[in-house]
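These are the residues of each chain, in order.
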Amino acid sequence: MLALPSRCFLFCFVLQTVRWHIELQPWASPTPSLNYEASRFLKYISTSQISCEHMNLNSLKGYSETTKKPWSVCLDERFSLIHRIRSKKCRLYSLGLGNDDNQFELSMASSGCEVHRFDPSIKSAHIQQGRHLWHHRLSIDWRDPNPAIAAHKLHSNTKKLGTVLNEFGHQKIDVLKADVESAEWKILENLILEDVVEQIGQLVFEVHIHWPGFEVSGNDSTVVRYWYSLLRELELKDFRLFHTYKDLSKPQMFLKKEAFNASSCYTLSWVNTRWK
Ligand SMILES: *[C@@H]1O[C@H](CO)[C@@H](O)[C@H](O)[C@H]1NC(C)=O
Ligand SMILES: *[C@@H]1O[C@H](CO)[C@@H](O)[C@H](O)[C@H]1NC(C)=O
């Protein structure tokens, strides 16, 4: 018996909607130049596209803003998240590696959200902590393992997000948080190409720009144009950036150079304005 490799097997051939590449934006200048690509991209990730007044979970419980954390969700009434939190129907997926601080996940869980953390370094397959927080020994990737190889491999803990959603029987994720050390570009590409991003209400991603990222290739201008094009795809799907955070505590590097006054690390938050 052959395991079906992914939901794409079922749908994409029939509907002919399979896409293998994102749409690349035109170069920022008539002749490709790193200066122009970098300045367009950096301006883009530093500019909110929509305003959000309420971004702090603690304010829900009457605490004042204590630490200035980059992880921000939009709790304004016009978006569904706050309503889903109040009716205890919200779900957070958090992708990352074990040693991060867990504050954001804990406060979402204590607000009543169902929180799923994906962390390949934990000891058992699934651990429940408290009423609302689960840890899963899985790492989210931009492809599923080859089924022929996976059968023989003991530690095949890697799956695409779309596959996990199907397996867990989840239709929607209210918030997807990702701090995946440079795998974010290919993961985001996979979510866009397979339309999984449409099942997500808000995205909070740490993006890394001190090197191209896993499996991103080309010269520097090509890499920056690719990053920019990915974010424009989100905009096309009616995601709007409402918060951007430049991490000044990390090395101030852009593609291995100290340049453009950039940080190696930004945290960006989007709301899906089509999402209900
Ligand atoms: C980078 O590669 C692209 C595509 O191969 C090419 O068109 C462009 O001229 C190169 N840019 C620079 C600045 O070298
Ligand atoms: C460089 O970045 C810092 C921090 O974002 C900012 O305060 C400063 O004005 C920037 N400097 C220049 C020359 O743009």
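Below, the structure is looked at part by part. For clarity, every value in this text was computed on a predicted model and none was experimentally measured. (Residues numbered from 1 in each chain as written. Chains lettered and ligands numbered in written order. Predicted model: local features only at pLDDT ≥ 70, side-chain atom pairs only at ≥ 80, totals over all residues. Heavy atoms only, no water.)

Observations concerning the overall build of the chain
Right, on to step 1. Per the secondary structure count, the chain includes eight helices and 10 strands.
Right, on to step 2. Burial status across the chain gives 50% buried among its 276 residues.
Right, on to step 3. Taking all contacts inside the chain whose residues are at least 6 apart in sequence as the whole, residues at least 24 apart take part in 67%. (Helix = DSSP H or I, 4+ residues; strand = E, 2+ residues; numbered from the N terminus. Buried < 20%, exposed > 50% of the residue type's maximum accessible area, 1.4 Å probe, protein only. Contact = heavy atoms within 4.5 Å.)

So, the site of ligand 1
Right, on to step 1. The environment of ligand 1 is made up of W27, P32, N219, S221 and T222.
Right, on to step 2. Between ligand 1 and the protein, one listed contact pairs an oxygen atom with a side-chain N or O atom of N219 at 2.3 Å.
Right, on to step 3. Contact between ligand 1 and T222: an oxygen atom at 3.3 Å from a side-chain N or O atom of the residue.
Right, on to step 4. For ligand 1, the accessible surface in isolation is 360 Å², of which the surrounding protein chains cover 41%.
Right, on to step 5. Here the shell around ligand 1 is built from residues that sort into two nonpolar, three polar and no charged. (Near = heavy atom within 4 Å. Polar contact = N/O pair within 3.5 Å; in protein donor to acceptor, adjacent residues only side chain to side chain. Areas by Shrake-Rupley, 256 points an atom, 1.4 Å probe, with all protein chains shown as cover. Nonpolar A, V, L, I, M, F, W, Y, C, P; charged D, E, K, R; others polar.)

Focus on the site of ligand 2
Right, on to step 1. In the vicinity of ligand 2, the contacting residues are K246, L248 and N261.
Right, on to step 2. Measuring from an oxygen atom of ligand 2, one finds a side-chain N or O atom of K246 at 2.9 Å.
Right, on to step 3. Here an oxygen atom of ligand 2 and a side-chain polar atom of N261 are 2.5 Å apart.
Right, on to step 4. About the coverage of ligand 2: the protein hides 28% of its 360 Å² of free accessible area.

Remarks on the packing of aromatic side chains
Right, on to step 1. All told, the structure shown has nine aromatic pairs when counted by the stated rule.
Right, on to step 2. A ring pair is formed by W211 and F214, whose centres lie 5.1 Å apart and whose planes are at 85 degrees; its orientation type is edge-to-face.
Right, on to step 3. Taken together, the ring pairs in this structure connect F41, W185, W227, F254 and F260 into an aromatic cluster.
Right, on to step 4. Above the ring of W27, the side-chain terminus of R225 is found at 4.2 Å from the ring centroid. (Phe/Tyr/Trp six-rings, centres within 6.5 Å; stacked < 30°, edge-to-face > 60°. Lys NZ or Arg CZ within 6 Å of the ring centre and 35° of its normal.)

Comments concerning the state of the cysteines
Right, on to step 1. One pass over the structure, following the stated rule, counts two disulfides.
Right, on to step 2. The side chain of C52 participates in a disulfide bridge whose partner is C74; the two sulfur atoms lie 2.1 Å from each other. With the S-S bond torsion at 105 degrees, the cross-link from C52 to C74 turns out right-handed. Pair noted here: C52 is in the loop between helix 2 (34-45) and helix 3 (80-86) and C74 is in the loop between helix 2 and helix 3, with a separation of 22 residues, a long-range link. (Disulfide = S-S within 2.5 Å.)

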